[in-house]
Amino acid sequence: MIKQNKLNNHIEMRTLFILLFGLAASAAQAQTTPTQKIGYADWEYIFGQLPDYKQIDNELKTHSDQLQNQLKAKYTEYQAKLNAYNGMPATTPEAIKKDKEGELAQLQESIQKFQQDAQTSIQKKQSDMMVPVFAKVGKAIEAIAKENAFTFIINAQVSGGLDVLLYSDEKYNISDLVLKKLGVTPAPAPTPTK
């Protein structure tokens, strides 16, 4: 019985020692692990107030309108030729009908190719114009993060409008700081109505 008690005491002491050692190690690690500060930026808000972005948006709209006008002209030409084909007298030789059908098919293919090329052109122009703006905003976000000791900065929204943050305290929103860093005065926030 005495041996059993000594064994139990030894096990309890050993367990207590392990627990104390584990707690001490955890406390030491907690003291050496720096706290992490996380902020977020709302890209839509930032871009919506940047003059650069507004200029790009206007240029893209102008480019898109020009392409749309060219497409309308091609479609008008196609409609005119289709109407002419449909209005041909029944006595029109088969060779002329085949020639007009081939011409209509080529115009139709040309319109489809133009639509694809126009879409590619708009996407490329947007990408080319936005790269420097993304870089400029990215540098401003990085500078704000370093100046304010943020460990992470998260984008408040993912493409498609899905929120990345389920909750955020407004005091960690650095969007206005980014705009100020870029030399843009943020627009006043709308007052909530009751």
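Values in this document were obtained by computation on a predicted structure and should not be read as measured data.

It is possible for side chains of opposite charge to pair when their charged atoms get near one another. Inspection of the entire model under this criterion finds 8 salt bridges. A salt bridge links K136 to D52; the nearest nitrogen and oxygen atoms lie 2.6 Å apart. Remark: D52 occurs in helix α3 (residues 51-86) and K136 occurs in helix α4 (residues 94-147); sequence separation between them is 84 residues. Residue K136 is classed as partly exposed on the basis of its relative accessible area of 34%. According to the relative accessible area criterion, D52 is partly exposed, its value standing at 27%.

Considering all chains together, one arrives at 5 aromatic pairs under this definition. Taking 5.3 Å as the distance between ring centres and 85° as the angle between the ring planes, the aromatic pair formed by F47 and F134 counts as edge-to-face. Of this pair, F47 sits in helix α2 (residues 43-49) while F134 sits in helix α4, and the two are 87 residues apart along the sequence. Counting every residue linked through ring pairs, the aromatic cluster contains W43, F47, Y53 and F134. Here K37 stacks its cationic end above the ring of F150, 4.6 Å away from the centre of that ring.

Bringing the packing of α3 against α4 into the picture now. Following both chains from N to C, one finds α3 and α4 inclined at 180°, their axes separated by 10 Å at the closest point. Considering the angle they form, α3 stands roughly antiparallel to α4.

Spatially, the C-alpha atoms of K136 and L182 are 7.9 Å apart, while their sequence positions differ by 46 residues. Setting aside residues up to four positions removed in sequence, K136 forms contacts with D52 and L182.

This next bit is on α4. For α4, with 54 residues, the first-to-last C-alpha span of 79 Å sits near the 80 Å given by 1.5 Å per residue. The sharpest bend along α4 reaches about 35° and sits at M130, with the proline P132 one to four residues further on. Looking one or two residues past α4, A149 carries a phi angle of roughly 60°, positive in sign.

With 36 residues, α3 extends 52 Å from end C-alpha to end C-alpha; this agrees with the ideal 52 Å at 1.5 Å per step. Residues of α3 that are buried include every one of I56, L60, H63, L67, L71 and Y78, and no others. Buried residues belonging to α3 abut α4.

Here the chain averages 79 in pLDDT, while 72% of its residues score no lower than 70. This model gives residues 1-11 a pLDDT under 50, and the stretch forms 0 contacts once residues within four places in sequence are excluded. Predicted confidence for residues 13-17 stays below pLDDT 50, and this span has 0 contacts to residues more than four positions away or in other chains.

Another aspect to go through is the nonpolar core. A general trend in soluble globular proteins is that nonpolar side chains are found buried together. In terms of nonpolar packing, the biggest core is built from 20 residues, with I46, L50, V133, V137, I174 and V178 touching the most fellow members. Every element with two or more residues in this core is listed here: α2, α3, α4 and α5 (175-181). Per-element tally for this core: the top contributor is α4, with 8 residues. Ignoring anything within four residues of it in the chain, the contact list for I174 reads Y40, A41, I141, I144, F150 and I153. Core analysis: the second largest hydrophobic core is formed by 8 residues, L71, Y78, L104 and L107 among them.

Cut-offs applied
- Residues numbered from 1 in each chain as written.
- Predicted model: local features only at pLDDT ≥ 70, side-chain atom pairs only at ≥ 80, totals over all residues.
- Heavy atoms only, no water.
- Salt bridge = Lys/Arg side-chain N within 4 Å of Asp/Glu carboxyl O.
- Helix = DSSP H or I, 4+ residues; strand = E, 2+ residues; numbered from the N terminus.
- Buried < 20%, exposed > 50% of the residue type's maximum accessible area, 1.4 Å probe, protein only.
- Phe/Tyr/Trp six-rings, centres within 6.5 Å; stacked < 30°, edge-to-face > 60°.
- Lys NZ or Arg CZ within 6 Å of the ring centre and 35° of its normal.
- Axes fitted to C-alpha atoms, helices over the stretch in contact; angles between N-to-C directions.
- Parallel < 35°, antiparallel > 145°, perpendicular 65-115°, else oblique.
- Contact = heavy atoms within 4.5 Å.
- Expected span 1.5 Å × (residues − 1).
- Bend = angle between axes of the 7 residues up to and from the residue.
- pLDDT = per-residue confidence, 0-100.
- Core = buried A, V, L, I, M, F, W, Y, C linked by side-chain atoms within 4.5 Å.

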